[in-house]
Amino acid sequence: MTGLLVSLGSWNWLIVGFVLMGLELMAPGVFLFWLGLAALLVGGLSFVTEPSWQAQILAFALFSISAVPLWRRFARPRPGEGSNPFLNKRAEALVGRVLTLEKPIVDGAGTLRIDDTVWRVSGPDAPAGSKVKIVEADGASLTVAGA
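None of the values given here were measured: they were computed from a predicted structure. (Residues numbered from 1 in each chain as written. Predicted model: local features only at pLDDT ≥ 70, side-chain atom pairs only at ≥ 80, totals over all residues. Heavy atoms only, no water.)

Before going further, it helps to examine the pattern of salt bridges. Counting across every chain of the model gives two salt bridges. When the shortest N-O distance is used, the salt bridge between Arg97 and Asp115 registers 3.9 Å. Linking Arg97 in the loop between helix 4 (53-75) and strand 1 (98-100) with Asp115 in the loop between strand 2 (109-114) and strand 3 (117-122), this pair joins segments that are 18 residues apart in sequence. For Arg113, the salt bridge identified is with Glu102, shortest N-O distance 4.0 Å. One end of the pair, Arg113, is in strand 2; the other, Glu102, is in the loop between strand 1 and strand 2, with 11 residues separating them in the sequence. A residue is classified by how much of its surface remains accessible, and Glu102, at 54% relative accessible area, is exposed. (Salt bridge = Lys/Arg side-chain N within 4 Å of Asp/Glu carboxyl O. Helix = DSSP H or I, 4+ residues; strand = E, 2+ residues; numbered from the N terminus. Buried < 20%, exposed > 50% of the residue type's maximum accessible area, 1.4 Å probe, protein only.)

In structure tokens:
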């Protein structure tokens, strides 16, 4: 076993690194990638210097342990960046839009076509063709006001 550890050279680390990255492609989980990257870094480091096998194992452990927390820190989305506050809240995303009625609102109730969906609306009576602004969303019903 010690003979194997002593013989760890640059090429062995590079091969191990590429094998780990290949395994990551077959079983994605973004864990083996970082171990493979650590092995590649140790392989590159051992091309430049001639570290002992103990130093190589230590460098691999340090690179492996530090890679995942660093990635999590930089990959974490910042507040308000890349997030959609209206995800799963489609009706709330419509509040504030001004649209034209295709059919009149009669006795405070009617329908409004928005893109490819017909919504129930409530609000003051208005003839077809008038502009309305969506002021509130409650489930599948919208409240409108004259715009």
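From this point on, the discussion continues.
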